[in-house]
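# Structural overview
Listed below, chain by chain, are the residues.
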Amino acid sequence: MPTVDEFTREQQDRLLEELNDLLRIPSVSTDPNHARDCRTASEWVADHLKELGCTSVELKASDTHPVVVADGPVQPGKPTVLVYGHYDVQPPDPLDLWESPPFEPTVRDGNLYARGATDDKGQVFSIIKAFEAVSQGGSPPVNVRFLIEGQEESGSGILFGLLEREPELVDVDVALVADTPYYAPGWPAVETGLRGLCYAEITVRTLKGDLHSGLYGGVAPNAHETLVQILSQLKSPKGRIKIPGLYEAVARPSKQERDAWASLPFKQQNFMRHEVGSRELTGLTRYSVFERLWALPTLDIHGISGGFTGEGAKTVIPAVASAKVSLRLVPNQKEKTVQRQLKRAVKAVAPKYADVSVDFIHGADPVLVDATGPYMTLLDDAFREIEGRGIVPIRSGGSIPIVPALGQKGAPVILSGIGLPDDGLHAPNEKIAIDQFLKGVRVFGRFFQKM
Ligand code: BES
Ligand code: MN
Ligand code: MN
């Protein structure tokens, strides 16, 4: 039987071809027009896991965005590792900024470009291929259960329902999630915390219908103006979110954790210029950048619509305007509580003449996970072997809604992926470094063997 390293070296062209097949499926879960494609991606993953010797491969809980549940061959007496990932992706737009089409995977300079290349098809596929590498001869060294969903990018509602009905699915020894990046090239990481999310649409109506701005301007309430005034009262120019009660539940990270972050190699100027691409970093500047990214809540406006934005000019007073906004939440905030706080804050600053509604689209609770324990040590060993450096504990500002539920039966959850910080997730020209993908196959393969 070839070693994991030999397998990866000898088979790499085939592994990448297979990944390309998965990347070609435009499984955008946030867009109902792509429901059929999400189904296709789930079937692709299920068929693939069957070919690799998984028994009881099932598509569960939905016709359009099913959860793929698959168990590897049963290995009595061996621990069970749950592998979580998602086959759905974010919308690819703006399309004109892609150098090659988002669903036609293309290699440039050692990187594979496609929507989902790193988030999360490429990363979860590296674990699937690691499972194949250690299953040569039909008998993997551990019990593996795959739980691969198609709704992560839209809140994981279907998987939450499934785990409520079948909690035994997460009755495992350890859960492994490769959906977060390295700290930096050469620096594998384990995430000890993720932020949560509260995503909302705020809609303002001020008139029965649009009006001529010459005939009525000066007396008619303008929906856009009203919306902008409301939004501007939700955050101070210095970055403090002005939603009453919002900061009450926020737990400051321990001195030890803050000290550990302060000792990470980090060049703020570099980060600002090259990763963020701005002339200044904003927010609550008396806290460190890491604390602002990982341990403080945010409020962002994603887009504002309504009124006239077409070619040329149109003199109109808009009757309706709306904004998509979201808050990132940190331990120990709760999505449900923050929904109430946001709604109350918006209503409190809305003028009486306006009808204002706040509708919630999706979200997630924040989570902290313990980054110690025997399985963590094994993964650390595997990274040392292949990367020459062990994992550094960090947090991340992103969200993975299902993570708290993966640990609901007490299994430690390991958040450790192989993407790089500049992979461009959710952005045009998302990529995975081919070298990172192959390292993932080797690291996770060695992890399974060490278990
Ligand atoms: N994989 C990301 C989350 C992530 C990325 C965590 C990088 C840590 C580091 C995930 O696919 C994602 O994008 N989640 C959404 C969740 C939301 C749509 C409910 C997010 O964070 O916006
Ligand atoms: Mn992801
Ligand atoms: Mn994502």
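Quick caveat: nothing in here was measured; it's all calculated off a predicted structure.

As a further point, take the coordination of the manganese ion (ligand 3). The textbook angles at a metal center are 109.5 degrees for a tetrahedron of four donors and 90 or 180 degrees for an octahedron of six. Of the protein atoms, only Asp119 (OD), Glu153 (OE), Glu153 (OE) and His426 (NE2) coordinate the manganese ion (ligand 3), at distances of 2.0 to 2.7 Å. Of note, the donors binding the manganese ion (ligand 3) are all from one chain and are spaced D-x33-E-x272-H. The metal-metal distance between the manganese ion (ligand 3) and the manganese ion (ligand 2) comes to 3.6 Å, with aspartate 119 coordinating both. With glutamate 153 in the loop between β6 (143-149) and α4 (157-165) and histidine 426 in the loop between β17 (413-415) and β18 (431-433), this pair connects stretches of sequence that are 273 residues apart.

Coordination of the manganese ion (ligand 2) by the protein is provided by His86 (NE2), Asp119 (OD), Asp179 (OD) and Asp179 (OD), with metal-donor distances spanning 2.0 to 2.3 Å. Classification of histidine 86 as buried rests on a relative accessible area of 0%.

Time to look at the pattern of salt bridges. All chains considered together, the criterion is met by 22 salt bridges. Close ionic contact of arginine 145 with aspartate 71 constitutes a salt bridge, the shortest N to O distance being 2.8 Å. Of the two residues, arginine 145 sits in strand β6 while aspartate 71 sits in strand β2 (residues 67-71), which places them 74 residues apart along the sequence. Under the relative-accessibility criterion, arginine 145 is labelled buried at 17%. Between lysine 439 and glutamate 387 there is a salt bridge; the shortest N-O distance is 2.8 Å.

Before going further, it helps to examine the sheet that holds strand β16 (residues 392-396). Spatially, three strands are ordered β15-β8-β16 in an open sheet, and the strand pairing comes out mixed. Where the open sheet ends on each side, the last strands, each with one partner, are β15 (367-368) and β16.

In contact at an axis separation of 10 Å, helix α1 (residues 4-23) and helix α3 (residues 121-134) are set at 140° when each is read in the N-to-C sense. As summarised for this structure, α1 and α3 are arranged oblique, according to the angle between their axes. As for how α1 packs across α3, the hand of that crossing is right-handed. Together, Val4, Phe7, Arg14, Leu15, Glu18, Leu19, Leu22 and Leu23 of α1 and Lys121, Gly122, Phe125, Lys129, Glu132, Ala133 and Val134 of α3 make up the contact between the two elements. Of the residues in the contact of α1 with α3, the class split is nine nonpolar, one polar and five charged.

Attention shifts here to the site of ligand 1. As a matter of local geometry, ligand 1 sits amid 17 residues, with Glu152, Asp179, Arg328, Ser399 and His426 nearest to it. The separation between an oxygen atom of ligand 1 and a polar side-chain atom of glutamate 152 is 2.7 Å. Taking glutamate 153, its side chain carries an N or O atom lying 3.1 Å from an oxygen atom of ligand 1. For ligand 1, the protein covers 91% of the area, taking 520 Å² as the surface of the free molecule. Here the shell around ligand 1 is built from residues that sort into five nonpolar, seven polar and five charged. Residue assignment places the shell around ligand 1 across two domains, with domain 1 (4-194 + 366-450) and domain 2 (196-250 + 280-364) each supplying three or more.

Time to look at the sheet that holds strand β14 (residues 355-364). Backbone hydrogen bonds hold the strands of a sheet together, and the pairing may be parallel or antiparallel. Taken in spatial order, the four strands line up as β11-β13-β9-β14 in an open sheet, and their pairing is antiparallel. Each edge of the sheet is formed by a strand with only one pairing partner; in this case those strands are β11 (298-306) and β14. Across the sheet, the mean angle separating the axes of adjacent strands is 20° when strand polarity is ignored. As judged from the eight bridges shared by β11 and strand β13 (residues 320-329), these two strands associate in the antiparallel manner. Bridge pairing in β13 places glycine 303 opposite lysine 324. Packed on one face of the sheet, helix α6 (residues 223-232) meets β9 (196-205), β11, β13 and β14 and runs near 15° to β13. Contacts between helix α10 (residues 335-349) and the sheet are confined to β9, β13 and β14, with β14 contributing the most and set at about 160° to the helix.

Moving on: the pairing of β9. By the criterion of burial, β9 is predominantly enclosed, with seven of the ten residues buried. Taken together, the ten bridges between β9 and β13 define a ladder with antiparallel strand orientation. When the sheet's bridge partners are listed, tyrosine 199 is paired in β13 with serine 326. With nine bridges connecting them, β9 and β14 associate as antiparallel partners. Bridged to threonine 203 within β14 is serine 357.

Inspection of the entire model under this criterion finds eleven aromatic pairs. Taking 6.3 Å as the distance between ring centres and 10° as the angle between the ring planes, the aromatic pair formed by phenylalanine 125 and phenylalanine 437 counts as stacked. Linking phenylalanine 125 in helix α3 with phenylalanine 437 in helix α13 (residues 434-450), this pair joins segments that are 312 residues apart in sequence. Each member of the pair, phenylalanine 125 as well as phenylalanine 437, carries the same accessibility label: buried. Plain terms: the ring middles of phenylalanine 290 and tryptophan 294 are 4.6 Å apart, the flat faces sit at 20° to each other, and that makes the pair stacked.

What follows is about the domain arrangement of the protein. Taken domain by domain, the protein comprises domain 1 (4-194 + 366-450) and domain 2 (196-250 + 280-364). Spacing between the C-alpha centres of domain 1 and domain 2 amounts to 34 Å. Contacts between the two partners involve 15 residues from domain 1, matched on the other side by 14 residues from domain 2. Around 1,100 Å² of area is buried between domain 1 and domain 2 when both sides are counted, 63% of it from carbon and sulfur atoms. In this assembly, domain 1 and domain 2 are joined by zero salt bridges. Here domain 1 and domain 2 share three residue pairs in polar contact (both at pLDDT 80 or more) between them. At the level of secondary structure, the elements contributing two or more residues to the side of domain 1 that touches domain 2 comprise β15 and β16.

The next thing to look at is the side chain of aspartate 423. With respect to the helices, strands and loops of the structure, aspartate 423 is situated in the loop between β17 and β18. Looking at aspartate 423, the relative accessible area reads 1%, which means it is buried. At 2.8 Å, the side chain of aspartate 423 forms a polar contact with the backbone nitrogen of leucine 420. Here lysine 431 takes part through its side chain, which lies 2.8 Å from a polar atom of the side chain of aspartate 423.

Rules behind the numbers
Residues numbered from 1 in each chain as written. Chains lettered and ligands numbered in written order. Predicted model: local features only at pLDDT ≥ 70, side-chain atom pairs only at ≥ 80, totals over all residues. Heavy atoms only, no water. Donors = N, O, S within 2.8 Å, 3.2 Å for Na, K, Ca; no water. Helix = DSSP H or I, 4+ residues; strand = E, 2+ residues; numbered from the N terminus. Buried < 20%, exposed > 50% of the residue type's maximum accessible area, 1.4 Å probe, protein only. Salt bridge = Lys/Arg side-chain N within 4 Å of Asp/Glu carboxyl O. Pairing = 2+ DSSP bridges. Axes fitted to C-alpha atoms, helices over the stretch in contact; angles between N-to-C directions. Parallel < 35°, antiparallel > 145°, perpendicular 65-115°, else oblique. Left-handed = near helix turned anticlockwise from the far one by under 90°. Contact = heavy atoms within 4.5 Å. Nonpolar A, V, L, I, M, F, W, Y, C, P; charged D, E, K, R; others polar. Near = heavy atom within 4 Å. Polar contact = N/O pair within 3.5 Å; in protein donor to acceptor, adjacent residues only side chain to side chain. Areas by Shrake-Rupley, 256 points an atom, 1.4 Å probe, with all protein chains shown as cover. Domains from an automatic or database assignment. Phe/Tyr/Trp six-rings, centres within 6.5 Å; stacked < 30°, edge-to-face > 60°. Buried area = accessible area lost by both parts, 1.4 Å probe.

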